[in-house]
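Read off the chains here:
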Amino acid sequence: QVQLQESGGGLVQPGGSHRLSCAASGNIYSINTMGWYRQAPGKQRVLVASIITGGSTDYSESVKGRFTISRDNARNTVTLQMNSLKREDTAVYYCYVAGMTTRWRGFDSWGQGTQVTVSS
């Protein structure tokens, strides 16, 4: 079983910066994809950014140029650096990790979600 622990949610002023972190633990053999999704009130959960083992990244159009995703493979952590935050970035942010367990089974896990509110 793989667990994810998110940290970093909070209240941020428009134009400000904030960082989210997520640490994966448990019976992990390897991790392929790490990413962040978000869900605003009344809307579906959508991809914000993802990063695969080789370091290739993918971003939603709405955050390109403002957010940066990175990972530490040795520590099984993923970080989302958010700059130039806008009110429309307000949402619950969820960490997502997919890979292989030590029992050679594929897994994908979600964090519990962390609230980011952009408001003055």
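A short tour of the structure in this document, coming up. Predicted model, so just to flag it, every value in this text is computed and none were measured.

Considerations on the packing of aromatic side chains
Consideration 1: For the structure shown, the criterion picks out 4 aromatic pairs.
Consideration 2: With a centroid separation of 4.8 Å and 40° between ring planes, the pair formed by Tyr 29 and Trp 104 is classed as tilted. Of the two residues, Tyr 29 sits in strand S4 (residues 28-39) while Trp 104 sits in the loop between strand S9 (91-101) and strand S10 (106-110), which places them 75 residues apart along the sequence. One exposure class covers both Tyr 29 and Trp 104, and it is exposed.
Consideration 3: Ring plane angle 50° and centroid distance 4.9 Å describe the contact between Tyr 96 and Trp 110, whose orientation is recorded as tilted.

Remarks on the nonpolar core
Consideration 1: If you look at the biggest cluster of nonpolar residues, it comprises 28 residues, and the most contacted ones within it are Trp 36, Leu 80 and Tyr 93.
Consideration 2: Contributions of two or more residues to this core are made by strand S1 (2-7), strand S3 (18-26), S4, strand S5 (46-52), strand S7 (67-72), strand S8 (77-82), S9 and strand S11 (114-118).
Consideration 3: Non-local contacts of Leu 80, meaning those with residues more than four positions away in its chain, are made with His 18, Arg 19, Leu 20, Trp 36, Val 48, Ala 49, Phe 67, Thr 68, Ile 69 and Tyr 93.

Notes on the pairing of S11
Consideration 1: Going residue by residue along S11, you find Thr 114, Val 116 and Val 118 tucked away on one face and Gln 115 and Thr 117 left uncovered on the opposite face.
Consideration 2: Looking at chain direction, strand S2 (residues 10-12) and S11 are connected through 3 bridges and run parallel. Among the inter-strand pairings, Gly 10 is bridged to a residue of S11, identified as Val 116.
Consideration 3: Where S9 and S11 come together, 3 bridges link them in antiparallel fashion. Of the residues in S11, the one forming a bridge with Val 92 is Gln 115.

What counts as what
- Residues numbered from 1 in each chain as written.
- Predicted model: local features only at pLDDT ≥ 70, side-chain atom pairs only at ≥ 80, totals over all residues.
- Heavy atoms only, no water.
- Phe/Tyr/Trp six-rings, centres within 6.5 Å; stacked < 30°, edge-to-face > 60°.
- Helix = DSSP H or I, 4+ residues; strand = E, 2+ residues; numbered from the N terminus.
- Buried < 20%, exposed > 50% of the residue type's maximum accessible area, 1.4 Å probe, protein only.
- Core = buried A, V, L, I, M, F, W, Y, C linked by side-chain atoms within 4.5 Å.
- Contact = heavy atoms within 4.5 Å.
- Pairing = 2+ DSSP bridges.

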